[in-house]
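The residues making up each chain are set out below.
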Amino acid sequence: MMQRALRNLAVWTAAIGTVVVLIAWVLPWAGARGYAGEVIRANLCEGRDATALFYTESERTLEIAEQVQQRKDSQEETSNP
């Protein structure tokens, strides 16, 4: 019974430790490099929330991005006479 509890404790500790390492070091490192890092920085600078695009992969992604840009452009035109 004690061995099972120790094994469970070790498994949970390893799992939580892995998640902490991923969140604290690996994911920020991966996000700061490559194309995804540039996209994330651009979205942050322009105040866009594009998190949904990271969770879905659509054949229409470029079309949707163009529509978003067109809406943004039209909003800027109406706000700047």
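Residues numbered from 1 in each chain as written. Predicted model: local features only at pLDDT ≥ 70, side-chain atom pairs only at ≥ 80, totals over all residues. Heavy atoms only, no water.

S.K.: Sorry, what's going on with the overall build of the protein here?
M.R.: Counting its secondary structure elements, the protein contains 4 helices and 0 strands. Mapped from its N terminus to its C terminus, the protein presents α and β elements in the order α-α-α-α. Within the protein, the proportion of its 81 residues that are buried is 4%. Of the accessible surface of the protein, which amounts to about 7,500 Å², a share of 63% is contributed by carbon and sulfur atoms. (Helix = DSSP H or I, 4+ residues; strand = E, 2+ residues; numbered from the N terminus. Buried < 20%, exposed > 50% of the residue type's maximum accessible area, 1.4 Å probe, protein only. Areas by Shrake-Rupley, 256 points an atom, 1.4 Å probe, with all protein chains shown as cover.)

S.K.: Just checking my understanding: could you explain the side chain of N43 for this structure?
M.R.: The residue N43 is located in helix α2 (residues 34–46) in this model. N43 gets classed as buried once you look at its relative accessible area, which sits at 9%. Leave out the neighbours within four places in its chain, and N43 touches R48 and A50. (Contact = heavy atoms within 4.5 Å.)

S.K.: What is the right way to look at a nonpolar patch on the surface in this model?
M.R.: Taken together, the side chains of W12, I16, V19, V20, V21, L22, I23, W25, V26 and L27 make up a nonpolar region of the molecular surface, amounting to roughly 1,000 Å² of accessible area. For I23, the position within the fold is in helix α1 (residues 2–31). Residue classification places I23 among the exposed positions, given a relative accessible area of 56%. (Patch = residues over 30% accessible without salt bridge, like charges linked within 9 Å, V, L, I, M, F, W, Y side chains within 5 Å. Salt bridge = Lys/Arg side-chain N within 4 Å of Asp/Glu carboxyl O.)

S.K.: Looking at this model, I keep getting lost on the pattern of salt bridges. Mind explaining?
M.R.: One side chain can pair with another of opposite charge once the charged atoms of both are near each other. Counting across every chain of the model gives 2 salt bridges. A salt bridge links E46 to R48; the shortest N-O distance between them is 3.4 Å. The exposure class of E46 is partly exposed, given its relative accessible area of 43%. Linking E46 and K72 is a salt bridge whose minimum nitrogen-to-oxygen distance equals 2.8 Å. Residue E46 is located in helix α2, and its partner K72 is located in helix α4 (residues 61–79); the two are separated by 26 residues in the primary sequence. A network of salt bridges, in which partner residues are shared, links E46, R48 and K72.

S.K.: Looking at this structure, I do not really get the environment of A65. What am I missing?
M.R.: Note that A65 resides in helix α4. Relative accessible area serves as the criterion here: at 39%, A65 is assigned to the partly exposed category. Placed 15 residues apart in sequence, A65 and A50 show a C-alpha to C-alpha distance of 9.8 Å.

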